[in-house]
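Each chain, written out:
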Amino acid sequence: MGSVLVFIDVPSLPLPRAARELLGLAASLGEPVVASPQPLSEETAAELGRHGVGALYEPAKPLPDVLVAAKAAFLAEAVRAAGPAAVLLGNGFEDREVAARVGIKLGSGVITDAVAVAPDLSVTKSVLAGSFTSTCRVETGVPIITVKANSVEPVEPAEAGSGTVPERSLVTVPEIGPAAVVTERSEKRVSGRPELSEARVIVAGGRGVDGDFGPLEELADLLGGAVGASRAATDAGWIEHSAQVGQTGKTVSPQLYISAGISGAIQQKAGMQTAKVIVAVNKDSDAPVFEIADFGVVGDLFSVLPQAAEEIRRRRA
Ligand SMILES: Cc1cc2nc3c(=O)[nH]c(=O)nc-3n(C[C@H](O)[C@H](O)[C@H](O)COP(=O)(O)OP(=O)(O)OC[C@H]3O[C@@H](n4cnc5c(N)ncnc54)[C@H](O)[C@@H]3O)c2cc1C
């Protein structure tokens, strides 16, 4: 197979795990090349080289400050320039919108929610709220595939100073038509925790936390995880909406999902049941969450979570 183009928006250093996962998958399919909608520093380009990237595509001029339209216009041109066998993106809202727009521009098939891609480019994806796994393949145009975080192993970098510096190409992006313009930005409060959709560990709380996410935050920090929530908790205003997991929130696939004080409604399961290991803490032994839990604790989360945190600290001491 030829090259596989990975779309990496804002490649910060060190390269985030989600980007390294896409590069690892690309390397298993062909030669990884990267399209970045922002010009990259020499240092970042060299770092991508250490991760096996042979070529880089960047916009010839800074993209206009519109929502995803400009990124999609750029990626479509980068695909035309690179002629890859496939295009890989992350599976967040924005990446999926970029994928859809590029699919229309190129007349290509798009597959979202991928959890694996085989060398023949058949894609395994999780569908119907994670209750089925399906295998599909793009038959028209260059396959455009968005891949769920934590589904594949990240690529490990070559030793410092080794690896080839990627060849850089500038892509001319055509004028985009009327598009929504960004008029104001405000900095997101930094929690120091990983991004929810990329986290390997998530501790999520529901109505049962009764407004107090303290024990969940403590456990999440000990495990290097993110804090998630059910819609009941976000609607109550106990935690920001971006923490919501489920049908109308984020879809997550961590290695470990600790569900505390969440009943396990179908709309919550839709966002988290592909987690590798699910641990449920609920004081109602009939709560539906226990149907999908690998480990269940029937008990009060305000007693169970601090005990778990204490035990982790004791073992680490
Ligand atoms: C169109 C639509 C979209 C939706 N999208 C989403 C979505 O994206 N995500 C989502 O989560 N929901 C979503 N919902 C809402 C969903 O149907 C449920 O109402 C919601 O998930 C319930 O949240 P919960 O489990 O936190 O609350 P509840 O169902 O009230 O459950 C609270 C649980 O906490 C337990 N509990 C209480 N106190 C304690 C304690 N001290 N210790 C341990 N356990 C305790 C109780 O036994 C109970 O099981 C959606 C609904 C609709 C109609």
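One numbering rule holds for all chains: residues counted from 1, following each sequence as written. A pLDDT threshold of at least 70 governs which residues receive local features in this predicted model, and a stricter bar of 80 or more applies before side-chain atom pairs are shown or counted, although totals over entire chains, interfaces and linings include all residues. Note that the side-chain values use all heavy atoms of the structure and ignore hydrogens as well as water.

The protein chain is annotated in an unreviewed UniProt entry as Electron transfer flavoprotein subunit alpha/FixB family protein of Arthrobacter gallicola. For the protein chain, the Sequence similarities (unreviewed entry) comment in UniProt is given as "Belongs to the ETF alpha-subunit/FixB family." UniProt positions are given in the numbering used here, feature names are shortened, and annotations may be inferred rather than shown by experiment.

S.K.: Please explain the site of the ligand as it appears in this structure.
M.R.: Taken together, 25 residues lie near the ligand, and Arg 207, Ser 230, Thr 248, Ser 263 and Asn 282 sit nearest. Side-chain polar atom of Gln 244 to an oxygen atom of the ligand: 2.9 Å apart, as the coordinates give it. Per-residue and other accessible areas were derived by the Shrake-Rupley procedure at a 1.4 Å probe size, with only the shown protein chains allowed to occlude residues. Taken by itself the ligand offers 990 Å² of open surface, and the protein chains cover 75% of this. Under the DSSP-based scheme used, a helix requires at least four consecutive residues in state H or I and a strand at least two consecutive residues in state E, with every element numbered from the N terminus. Of all the elements in the fold, those that place two or more residues in the shell around the ligand are helix 6 (231–235), helix 7 (266–272) and helix 8 (301–316). Classification used: nonpolar for Ala, Val, Leu, Ile, Met, Phe, Trp, Tyr, Cys and Pro, charged for Asp, Glu, Lys and Arg, polar for all others including Gly. Within the shell around the ligand, the residues separate by chemical class into six nonpolar, 14 polar and five charged. By convention in these notes, a residue is near a molecule or strand provided one of its non-hydrogen atoms lies within 4 Å of it. Pairs of N or O atoms are called polar contacts if they sit within 3.5 Å, as long as, within protein, a hydrogen donor faces a hydrogen acceptor (for residues adjacent in sequence, only side-chain-to-side-chain pairs).

S.K.: Whenever I open this one, the nonpolar core confuses me. Can you help?
M.R.: Among soluble globular proteins, nonpolar side chains are generally buried collectively. If you look at the biggest cluster of nonpolar residues, it comprises 28 residues, and the most contacted ones within it are Val 6, Leu 23, Val 34, Leu 48 and Leu 88. Secondary-structure elements contributing two or more residues to this core are strand 1 (3–7), helix 1 (17–29), helix 2 (42–50), strand 4 (86–89), strand 5 (110–117) and strand 8 (144–147). By residue number, the principal contributor to this core is helix 1, which donates six residues. With residues up to four places along the chain from it excluded, the contact list for Leu 88 reads Val 4, Leu 5, Val 6, Phe 7, Leu 22, Leu 25, Ala 26, Ile 145 and Val 147. Side-chain atoms within 4.5 Å link the members of a nonpolar core, which is a set of buried Ala, Val, Leu, Ile, Met, Phe, Trp, Tyr and Cys residues. Three exposure classes are used, based on accessible area relative to the maximum for each residue type with a 1.4 Å probe and protein chains only: buried under 20%, partly exposed in between, and exposed over 50%. Counting 21 residues, the second largest nonpolar core, distinct from the first, contains Val 68, Val 87, Val 98 and Ala 99. In what follows, a contact means two residues having at least one pair of non-hydrogen atoms within 4.5 Å.

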